[in-house]
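# A closer look at the structure
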Amino acid sequence: MTSLKSQLYISLVACIDMLWLLLCCVPHGAVAVAPGAVAVTPVVIVPGALGSHIEAKLSRESTAHWYCDKKADWYTLWLSIPMLLGPQLYCWADNFKMQFKDGVFSNTPGVETRAPGFGETHSIDYVDTTHLVSYMVNLVQGLMKIPGAKEGVTVRAAPYDFRYSPPSRETKDYFNRLQGLIEETYTLNNNSRVALVSHSLGSLISSTFLHTMSTEWKNKYLHSWSTLGGRPGGLHEGGEGAGKPRCTRRSRLAY
């Protein structure tokens, strides 16, 4: 019974988050709009874990198995479902895994990765390239129905390689790109402040990012920050729904 109540509570919170997001983005009442201006609040979406596509380029000296490719130009590493079928699953795992040294994660030597679609939304619509597992597609389509909305201008995404975490160099580079994307979106929309929307792990990434930014910068460029399924207080012990909820780690809200 307790588990059912917890699930209903989580569902209710998610619905409230979605409603708040739409209220933030839809203009209220009569709004005087200058020629070329927009009447909607621009949105930048930071996806959660597994929600960004990852591409890889191989230049390896050795592999885990003889049948795995050592060389390959950019291809989809996450997620292409056919790569998880048959013996090639072991090749995928060998390229997807990371090394941990001196407190920092890094790719396997000879593996270079990137998150495509930065500033666009197509890479977060579906988890996989065959569109079997939907992700943000319904949210994006809902936002696109708002008069004045335009993909890549008022509705944008900031995908990232979710395997990395601060204080990695890749995360620092991502924060610089995210700052640039928000500032560019602000400019593209006639100096309209941006609504930052984050999901799950993306909320922790966004919180860390916002802690690095000054109050003056946030007041100038951000309209709001909405988290969908964020975990600012940490995860329950044993994962969600596993026994009595109890936070094992806490962090400060940034906004």
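Throughout what follows, the structure given in this document is the object of discussion. (Residues numbered from 1 in each chain as written. Predicted model: local features only at pLDDT ≥ 70, side-chain atom pairs only at ≥ 80, totals over all residues. Heavy atoms only, no water.)

Further remarks concern the sheet that holds strand 3 (residues 71–78). With antiparallel pairing, the three strands of this open sheet are ordered in space as 3-2-6. The two strands at the open ends of the sheet, each matched to only one other strand, are strand 3 and strand 6 (111–114). Going from strand to strand, the sheet's axes swing by 25° on average, the running direction of each strand aside. Across four bridges, the pairing between strand 2 (residues 54–59) and strand 6 is antiparallel. Residue pairing for strand 6: A56 is matched across the bridge by T113. Sheet strands touched by helix 2 (residues 88–96): strand 2, strand 3 and strand 6. Its angle to strand 3, the strand with the most contacts, is close to 90°. (Pairing = 2+ DSSP bridges. Helix = DSSP H or I, 4+ residues; strand = E, 2+ residues; numbered from the N terminus. Axes fitted to C-alpha atoms, helices over the stretch in contact; angles between N-to-C directions. Contact = heavy atoms within 4.5 Å.)

One finds W78, A158, Y174, L178, I182, L196 and F209 to be the most contacted residues of the largest nonpolar core, which totals 34 residues. The biggest single contributor to this core is helix 5 (residues 169–188), with six residues. Every residue in contact with A158, bar those within four places of it in the chain, is listed here: V44, I45, V46, P47, F118, Y174, L178 and L181. (Core = buried A, V, L, I, M, F, W, Y, C linked by side-chain atoms within 4.5 Å. Buried < 20%, exposed > 50% of the residue type's maximum accessible area, 1.4 Å probe, protein only.)

Next up on the list: the pairing of strand 8 (residues 194–199). The buried fraction of strand 8 is high, at five of six residues. Looking at chain direction, strand 1 (residues 43–46) and strand 8 are connected through four bridges and run parallel. Bridge pairing links V46 to S198 in strand 8. Where strand 8 and strand 9 (residues 222–228) come together, six bridges link them in parallel fashion. Paired with S198 across the strands is T227, a residue of strand 9.

The periodicity of an α-helix, 3.6 residues per turn, causes residues three or four positions apart to be oriented the same way. Residues of helix 6 (residues 201–211) that are buried: G202, S203, I205, S206, S207, F209 and L210. Residues of helix 6 that are buried sit in contact with strand 1, helix 5, strand 8, helix 7 (215–221) and strand 9.

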